[in-house]
Amino acid sequence: MKRIMVIGVSAGAGKSTLAREISSTLGIDVYHLDCLYWRPGWVESPIEEFRSAQQEIIAKDKWIIEGNYGSTFMVRSERADTMVYIEFPLYVCFYRVVKRWLTNLGKNRPDMADGCPEKLDWKFIKFIATTYHERKKTMEDRLKTFQALDSGKQVFILRNNKQIRAFLKAIKEKYEHTNFSEENVNKNS
């Protein structure tokens, strides 16, 4: 697990939180696609600029990229070795989006671009409601495509908090005992 994509069925699935937790466990930098896509004042970046920013990240040896953005999915997936997909029920996603809005009202979240304070509007609510079921099918297809790229690619599908806790515990146990930082290896050489 060196090049990890964290994706989800919807806003509010928990992608950003999980990406930060994986980052903390593995010591790999996390990049939030919302930070690359949005400019201050909720202005969209040109697609080529957005794609180019991702290409710079995926050229690195290690990274965690959080977010969906289907138009550039293949940019990330071809280089990723691991995909973590979160699929909570629609009502949970709605609850989390509203909770996030109330918690961060008027503030920027760390996983959002500067100058884009938390907001919740009818357009966003409608987007979540009308695309949820279609996105479940799209994500299923993307996961299959991802695994077809290389049999060594790992896919983790997490559908509840218990599975997320078990996943985080497993990677912590595995990587705590098997990974040595370059700093520690160099000190002992």
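Residues numbered from 1 in each chain as written. Predicted model: local features only at pLDDT ≥ 70, side-chain atom pairs only at ≥ 80, totals over all residues. Heavy atoms only, no water.

Caption draft 1: Highlighting the nonpolar core. With 45 residues, the main nonpolar core has Ile-4, Val-6, Leu-18, Ile-22 and Phe-167 as its most contacted residues. Here this core takes five residues from helix 7 (residues 161-178), the largest share from any one element. With residues near it in sequence (within four places) discarded, Ile-22 still touches Ile-4, Val-6, Gly-27, Ile-64, Val-84, Phe-167, Leu-168 and Ile-171. (Core = buried A, V, L, I, M, F, W, Y, C linked by side-chain atoms within 4.5 Å. Buried < 20%, exposed > 50% of the residue type's maximum accessible area, 1.4 Å probe, protein only. Helix = DSSP H or I, 4+ residues; strand = E, 2+ residues; numbered from the N terminus. Contact = heavy atoms within 4.5 Å.)

Caption draft 2: Inspection of the pattern of salt bridges at higher detail. Scanning all chains against the criterion turns up 11 salt bridges. The salt bridge involving Glu-87 is made with Lys-136; its shortest N-O contact spans 3.9 Å. Of this pair, Glu-87 sits in the loop between strand 6 (82-86) and helix 5 (90-103) while Lys-136 sits in helix 6 (residues 122-149); the two residues are 49 residues apart in sequence, bridging distant segments of the chain. Judged by relative accessible area, which is 31%, Lys-136 ranks as partly exposed. Glu-173 is paired through a salt bridge with Lys-169; the nearest N and O atoms lie 4.0 Å apart. Taken together, the residues span about one helical turn, with Glu-173 and Lys-169 both in helix 7 at a distance of four residues. Shared partners join several salt bridges into a network, and the residues in it are Arg-100, Arg-109, Asp-111 and Glu-118. (Salt bridge = Lys/Arg side-chain N within 4 Å of Asp/Glu carboxyl O.)

Caption draft 3: A look at the sheet that holds strand 6. Taken together, five strands build an open sheet; the order of strands is 2-5-1-6-7 and the sheet is parallel. A single partner strand is all that each edge strand has here, and the edge strands are strand 2 (30-32) and strand 7 (154-158). Looking at each pair of strands side by side, their axes are set apart by 15 degrees on average, direction ignored. As paired elements, strand 1 (residues 3-8) and strand 5 (residues 63-66) share four bridges and run parallel to each other. Considered in strand 5, the bridge of Met-5 is made with Ile-65. The sheet contacts of helix 6 involve strand 1, strand 6 and strand 7, and relative to strand 6 the element is tilted by about 165 degrees. (Pairing = 2+ DSSP bridges. Axes fitted to C-alpha atoms, helices over the stretch in contact; angles between N-to-C directions.)

Caption draft 4: View of the packing of aromatic side chains. This model, assessed by the stated rule, comprises six aromatic pairs. For the pair Tyr-37 and Trp-38, a centre-to-centre distance of 5.0 Å together with 90 degrees between the ring planes defines the contact as edge-to-face. Accessibility assignment for this pair places Tyr-37 and Trp-38 in one class, buried. With a centroid separation of 4.9 Å and an interplanar angle of 55 degrees, the aromatic rings of Phe-156 and Phe-167 are classed as tilted. One end of the pair, Phe-156, is in strand 7; the other, Phe-167, is in helix 7, and 11 residues separate them in sequence. (Phe/Tyr/Trp six-rings, centres within 6.5 Å; stacked < 30°, edge-to-face > 60°.)

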